[in-house]
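Results of the structural survey
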Amino acid sequence: MGKKRVERWIPVARRALTEFGIENGGKIDDMFPGRAASFGAAIISGTLRSAVAFFSQRGGAAIDRRNLVSAAYYCISGEKLDAEKVLKCVYENDTPDLKEQFLDALSAIRYAMNFFMIVNKEEHDE
């Protein structure tokens with residue numbers, strides 16, 4: 001992990017949380033921090049491609065985990081892409097450096113979540 005890079009990316013990650021609808025009205029659904037951790041664990045224990053492919057699918061998830069893929073890529077590149085386009089970029093450029101960048105971006109996102117109130121679904125809708 002690049003500690004300096006993570007620290008530099010926290011303001012970008014904070015913007016990404018808002019840009020991709022993870023944060024809404026100063027609140028974040030309490031499922032997102034866990035999903036961000038799961039995304040990082042999937043990258044570490046598997047491959048970047050497989051983790052991004054899994055998180056790029058809506059599936060039956062209670063929250064839209066695709067937003068985490070887009071937010072992480074936004075931290076890395078500054079580009080606003082949907083998860084499917086991020087997946088394509090990862091398939092074309094799956095390098096150890098990109099894997100580290102995704103892990104650093106997810107760390108920055110987890111730190112940036114602390115700027116907002118983490119609430120459960122019922123509190124979030126109030």
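Note: the structure precedes this text.
So, here is what we can say about the structure in this document. Only a predicted model underlies this, so the values are computations on that prediction, with no experimental measurement involved.

Definitions and cut-offs
- For every chain, the first residue of the written sequence is number 1, and numbering continues from 1 along that sequence.
- Residue-level local features of this predicted model are given only where pLDDT is at least 70; pairs of side-chain atoms are given and counted only at 80 or more, and the full residue set underlies all totals for whole chains, interfaces and linings.
- Water and hydrogen atoms play no part in the side-chain values, which are based on all heavy atoms of the structure.
- Secondary structure elements follow DSSP: runs of H or I of four or more residues count as helices, runs of E of two or more count as strands, with numbering from the N terminus.
- We compute the radius of gyration over the C-alpha atoms and compare it with the globule rule, which gives 2.2 Å times the number of residues raised to the power 0.38.
- For the exposure calls, accessible area comes from a 1.4 Å probe over protein chains only, and a residue counts as buried if that area is under 20% of its type's maximum, exposed if over 50%, partly exposed in between.
- Contact criterion: two residues are considered in contact whenever any of their non-hydrogen atoms come within 4.5 Å of each other.
- Here, the term nonpolar core denotes a set of buried Ala, Val, Leu, Ile, Met, Phe, Trp, Tyr and Cys residues that are joined through side-chain atoms within 4.5 Å.
- By this rule, a helix spans an expected 1.5 Å times one less than how many residues it contains.
- To get the bend at a given residue, fit one axis to the seven residues ending there, fit another to the seven starting there, and take the angle between those axes.

Structural notes on the overall build of the chain
- Per the secondary structure count, the chain includes seven helices and three strands.
- Its C-alpha atoms give the chain a radius of gyration of 13 Å, within 12% of the compact-globule value 14 Å for 126 residues.
- Taken over 126 residues, the chain has a buried fraction of 46%.
- Look at the contacts in the chain between residues 6 or more apart in sequence, and 75% of them connect residues 24 or more apart.

What about the nonpolar core?
- Phe39, Val52, Phe102, Ile109 and Met113 are the most contacted members of the largest nonpolar core, which has 42 residues in total.
- Among the elements of the structure, helix H1 (3-19), helix H2 (31-45), helix H3 (48-55), helix H4 (66-77), helix H5 (83-92) and helix H6 (96-112) are those that each provide at least two residues to this core.
- Those residues in contact with Val52 that sit more than four places away from it in its chain are Phe39, Val69, Val86, Leu87, Val90 and Phe102.

So, H1
- Between its terminal C-alpha atoms H1 stretches 24 Å, which fits the 24 Å expected from 17 residues at 1.5 Å a residue.
- At Ile10, H1 shows its largest bend, some 45 degrees, and a proline, Pro11, comes one to four positions later.
- Here H1 has its buried residues at Arg5, Val6, Trp9, Ile10, Val12, Ala13, Ala16 and Leu17.
- Phi for Gly21, located one or two positions after H1, is positive at around 75 degrees.

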